[in-house]
Amino acid sequence: MHFGIMIALKLKSTNFFTMNELKQQHQNAKEQATFFMKNGQINDYFKALLEINRYKRLMVAIVAN
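From a predicted model like this one, the values you see are computed outputs, not experimental measurements.

1. With respect to the nonpolar core
Okay, so step 1: Formed by Met19, Leu22, Ala29, Ala33, Phe36, Tyr45, Ala48, Ile52, Tyr55, Met59 and Ile62, the largest nonpolar core amounts to eleven residues.
Okay, so step 2: Among the secondary structure elements, those contributing two or more residues to this core are α1 (3-38) and α2 (42-64).
Okay, so step 3: Sorting elements by how many residues they give to this core places α2 first, with six residues.
Okay, so step 4: Excluding residues within four positions of it along the chain, Tyr55 makes contact with Leu22, Gln25, His26 and Ala29.

Set out below in C-alpha cells:
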C-alpha cells in the first residue's frame, strides 16, 4: 500500500474509535444530567449540560474532518 493510503486508513480507524468513545461519554453525561435534574441539583445539572455540549462539539469536529 501507499504511505498516504495507510495514513488515511489509520486516521479513519482512529476517528471511529474516538467517535465511539465520545458517543459513550455523551450518553453518560446525558444520564447524569437527567439524574441531577430529577434530584433538584441545579448547579450539577448545568455542569452536566455544559459537558454534553462539549462532547457534541467534539463529535461535530470529528465528522467535519
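Now that the structure has been shown, the text picks up again.
2. Comments concerning the packing of aromatic side chains
Okay, so step 1: Scanning the model with the defined rule gives two aromatic pairs in all.
Okay, so step 2: Seen in terms of ring centroids, Tyr45 and Phe46 are 5.7 Å apart; in terms of plane orientation they differ by 45°. Their pairing is tilted.
Okay, so step 3: A relative accessible area of 46% means that Phe46 is categorised as partly exposed.

Reading the values: rules and limits
- Residues numbered from 1 in each chain as written.
- Predicted model: local features only at pLDDT ≥ 70, side-chain atom pairs only at ≥ 80, totals over all residues.
- Heavy atoms only, no water.
- Core = buried A, V, L, I, M, F, W, Y, C linked by side-chain atoms within 4.5 Å.
- Buried < 20%, exposed > 50% of the residue type's maximum accessible area, 1.4 Å probe, protein only.
- Helix = DSSP H or I, 4+ residues; strand = E, 2+ residues; numbered from the N terminus.
- Contact = heavy atoms within 4.5 Å.
- Phe/Tyr/Trp six-rings, centres within 6.5 Å; stacked < 30°, edge-to-face > 60°.

Any functional reading would require information beyond the geometric quantities listed.
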